[in-house]
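Coordinate inspection notes
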Amino acid sequence: MIGIDLGTTNSLVAIFENGVPRILANELGEELTPSAVAIAEDGTVLVGRAAKDRLIIDPNAGVMMFKRDMGTAREYFFGGKSWNPVTCSALILQEMKRVAEMHLGNTIERAVITVPAYFHDQQRQATIEAANIAGLKVERIINEPTAAALAYGYRNPNEEKKILVFDLGGGTFDVTLLEIFEGVIEVKASAGESRLGGEDYTDTLCSFLEKKYQWQPAAEQRGAWRQRVEIVKRQLARQLSTRVLLHKEMVEVTRADLIESTKLLTSRIRPVLARCLQDSQTHVSELHDVLLVGGASRMQLVHELIFELLKCQPQQKIDPDRVVAMGACIQAALCASDDAVDDLVLTDVCPHTLGIEITKAYSQNNVEPGFFCPIIDRNTTIPVSRSKPFSTIHPEQDMIKVQVFQGEARLTKENQKIGEIVVRNLKSPSGKNQLSQIEVRFSYDMNGILEVDVTNIETGKVSSLVIEQRPGVLTKAQLREALDRMRPLKMHPRDLLPNRARLERANRLFAELIGPTREQLSYMIDQFENALRSQDSQLIKQQTAVLDTFLRDFFPLEREMEQTDGEND
Ligand code: AMP
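Focus on the sheet that holds strand β25 (residues 437-444)
With antiparallel pairing, the three strands of this open sheet are ordered in space as β22-β25-β26. At either margin of the open sheet sits one strand with a lone partner, and together these are β22 (384-391) and β26 (450-456). Strand-to-strand, the axes of this sheet are offset by a mean angle of 20°, without reference to chain direction. Here β22 pairs with β25 via eight bridges, running antiparallel. Paired with Arg386 across the two strands is Phe442, which belongs to β25.

As structure tokens, this is what we get:
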């Protein structure tokens, strides 16, 4: 069983081996595979690094950040076809499965997959569907911060501690408070913002610079420009100022610029932290450690904010990019009852309040719909099953539409609708002229998936449940269609993947260069392609070395960025 961190920007796969979590690298030797899908010029489906490079030169050739759209009916159009977030995620999961199989030499069929704590039911269901399409059975869906805490708790099982997991990834922000005591890891509360992440910081810094220098990149330059700003953002995590190529001049960007221009984003962090502390009834002084998760938590401004608000220096020993995948494979070991995790116990909570819409009847002619009636409060320990009784509002009423919502607002229009069940034949068979009673039971399992049962109290019958309106969750027919569509996709054989990625990177550089250097590169690409066609391994090796040296010299910043990011731990 493998553990997969299906991230907004990058995904990782890990296995638990001889009592140790191990992240597996892909053929390019990289542990972080970009969560990107694109179509190459020849129609091949590209996944990971090659797709990301392709998207920099042609942003319309594919998609990234589709995790943010999981559980919605969003469609993307590229390569002459329409795609949805589930199929794109399936391609990434399939790639993770393949990387693990390459390392282990056998077929992998089961996985633990992480999701943001704030993912709701549809987003979790969509993740499970993506895994099924990729040929993986999901043994457990686990919240990302909980996975991080598991990795932390596994390293320090005997310490009695309260820790806060601060998870700022590419697209989402989650905070979780946990207690660790003699190997028991207990999640006390989770809070989050589903649309706040490092990518928003990059976008905001782009807009700030464009405004300051009154310049807009042409459409075909946008990808490369954003990539340069992304590098700047990362550099500013380590240094106070840097320079970036804007149009034709190098301009200076300081850490103060980053802090100032993203103030509004940063201000959204504070209330989430406060709510998590309040829900878990924890005072700042009780915190022992703050664990950082997600690439964007590397920003210095995050460390400073944490110190200011929590009076605590964040823990820097565990690599924020890898800790979630490590936790996922420890959870896989727990599912498989591995001896090494015998003493570890994990409990989690549901991050949102779950309930149904009710109508308030002030008198027979004065009814007001649209109120939220909570059934399971947020931060209740899971698994949990709770029920509440309800009644019709009119004796002649034969049907009730039970609309399921999640959120914290009093009115349902401000919460998120997650499903709908229509219960019919309610009118009393005994013909009594009275209101019908029903019981609504919510059962929330360890994967964060909700089941709703509605019982007619008079007859004792559990009504046939018709769950309607589940945007983003595929119907059986759509699932079959997605599977059919994946089958004939032209994917490159495993041994060609690094070459494919190399070519995409070379193409991307080609688009950036001009003049003789561009001609030189063009010649090298031709030589490299000829070598591939010849299938002469000696020649391929030779041309690969030539091309790689050229690419490395032209992408020094990216190389530096990739090396330094993974250093801690
Ligand atoms: P994740 O979804 O956890 O892979 O987080 C990816 C996000 O982290 C992206 O938005 C990256 O730009 C951001 N990120 C990664 N490394 C750094 C860094 N050194 N400084 C600032 N942001 C970073």
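Here we look at the pattern of salt bridges
For the structure shown, the criterion picks out 36 salt bridges. Among the ionic pairs, Asp200 bridges to Arg68, the shortest N-O distance being 2.7 Å. Of this pair, Asp200 sits in helix α5 (residues 198-212) while Arg68 sits in the loop between β7 (62-64) and β8 (76-78), placing them 132 residues apart in sequence. As far as burial versus exposure is concerned, Asp200 and Arg68 are alike and both buried. Linking Lys417 and Glu420 is a salt bridge whose minimum nitrogen-to-oxygen distance equals 2.5 Å. Residue Lys417 is classed as partly exposed on the basis of its relative accessible area of 22%. Exposure remark for Glu420: the relative accessible area of 5% places this residue in the buried category. Within the structure, one salt-bridge network assembled from shared partners comprises Glu31, Arg298, Asp319, Asp321 and Arg322.

Observations regarding the site of the ligand
Surrounding the ligand, one finds 16 residues, the nearest of these being Thr9, Gly170, Glu199, Glu230 and Lys233. Between the ligand and Glu230, the relevant distance is 2.5 Å, taken from an oxygen atom to a side-chain nitrogen or oxygen of the residue. In this structure, Lys233 approaches the ligand through a side-chain N or O atom, which is 2.6 Å from an oxygen atom. When isolated, the ligand has an accessible area of 500 Å², and the protein chains bury 93% of it. Mapped onto the shell around the ligand, the elements with two or more residues apiece are α5 and α6 (222-235). In terms of residue count, α6 provides more of the shell around the ligand than any other element does, three residues in total. Along the lines of polarity and charge, the residues of the shell around the ligand split into three nonpolar, seven polar and six charged. Lining the shell around the ligand are residues from two domains, each supplying at least three of them: domain 1 (2-196 + 268-349) and domain 2 (198-265).

So, the environment of Thr455
Looking at the element boundaries, Thr455 is found in strand β26. You can call Thr455 buried: its relative accessible area is 18%. The spacing of Thr455 and Val440 is 15 residues in sequence and 6.6 Å in space, taken between C-alpha atoms. The contacts of Thr455, once residues within four sequence positions are left out, are Gln437, Ile438, Glu439, Gly460, Lys461 and Val462.

Examining the environment of Pro85
Position of Pro85 relative to the elements: it lies in helix α2 (residues 85-104). The exposure class assigned to Pro85 is buried, which follows from its relative accessible area of 2%. Between the alpha carbons of Pro85 and Phe16 there is a distance of 29 Å; along the sequence they are 69 residues apart. If sequence neighbours within four positions are ignored, Pro85 has contacts with Phe66, Asp69, Met70, Thr72, Arg74 and Tyr76.

Focus: the packing of aromatic side chains
Within the structure shown, the criterion is met by four aromatic pairs. Judged by centre distance (5.7 Å) and plane angle (70°), the ring pair of Phe16 and Tyr154 falls under edge-to-face. In this pair, Phe16 sits in strand β2 (residues 10-17) while Tyr154 sits in helix α4 (residues 144-155), placing the two residues 138 residues apart along the sequence. Geometrically, the ring pair formed by Phe78 and Trp83 is stacked, given 4.9 Å between the ring centres and 0° between the ring planes. Considered together, Phe78 and Trp83 belong to a single accessibility category, that of buried residues.

Some points on the domain arrangement of the protein chain
What the domain assignment lists for the protein chain is domain 1 (2-196 + 268-349), domain 2 (198-265), domain 3 (354-487) and domain 4 (495-568). Inter-centroid distance (C-alpha atoms) of domain 1 to domain 4 is 30 Å. Of the residues lining the interface, 22 residues belong to domain 1; the matching set on domain 4 comes to 13 residues. When domain 1 packs against domain 4, close to 1400 Å² is buried across both sides, 55% of that on carbon and sulfur atoms.

Things to note about the packing of α2 against helix α3 (residues 121-133)
Between α2 and α3, whose axes approach to 8 Å, the crossing angle comes to 55°. When the axes of α2 and α3 are compared, the pair comes out oblique. As for the relative orientation of α2 and α3, their crossing is right-handed in sense. Only Ala126, Thr127, Glu129, Ala130, Ala131 and Ile133 of α3 make contact with α2, whose side of the interface consists of Val86, Ser89, Ala90 and Leu93. Residues that form the contact of α2 with α3 fall into these classes: seven nonpolar, two polar and one charged.

Focus: the pairing of β2
With respect to burial, β2 is a largely interior element, six of its eight residues being buried. Pairing of strand β1 (residues 2-6) with β2, which is carried by four bridges, proceeds in the antiparallel orientation. Directly across from Ile4, in β2, lies its bridge partner Val13. One ladder, built from two bridges, connects β2 with strand β4 (residues 33-34); its direction is antiparallel. Note on β4: the bridge partner recorded for Asn10 is Pro34.

About the criteria used
Residues numbered from 1 in each chain as written. Predicted model: local features only at pLDDT ≥ 70, side-chain atom pairs only at ≥ 80, totals over all residues. Heavy atoms only, no water. Pairing = 2+ DSSP bridges. Helix = DSSP H or I, 4+ residues; strand = E, 2+ residues; numbered from the N terminus. Axes fitted to C-alpha atoms, helices over the stretch in contact; angles between N-to-C directions. Salt bridge = Lys/Arg side-chain N within 4 Å of Asp/Glu carboxyl O. Buried < 20%, exposed > 50% of the residue type's maximum accessible area, 1.4 Å probe, protein only. Near = heavy atom within 4 Å. Polar contact = N/O pair within 3.5 Å; in protein donor to acceptor, adjacent residues only side chain to side chain. Areas by Shrake-Rupley, 256 points an atom, 1.4 Å probe, with all protein chains shown as cover. Nonpolar A, V, L, I, M, F, W, Y, C, P; charged D, E, K, R; others polar. Domains from an automatic or database assignment. Contact = heavy atoms within 4.5 Å. Phe/Tyr/Trp six-rings, centres within 6.5 Å; stacked < 30°, edge-to-face > 60°. Buried area = accessible area lost by both parts, 1.4 Å probe. Parallel < 35°, antiparallel > 145°, perpendicular 65-115°, else oblique. Left-handed = near helix turned anticlockwise from the far one by under 90°.

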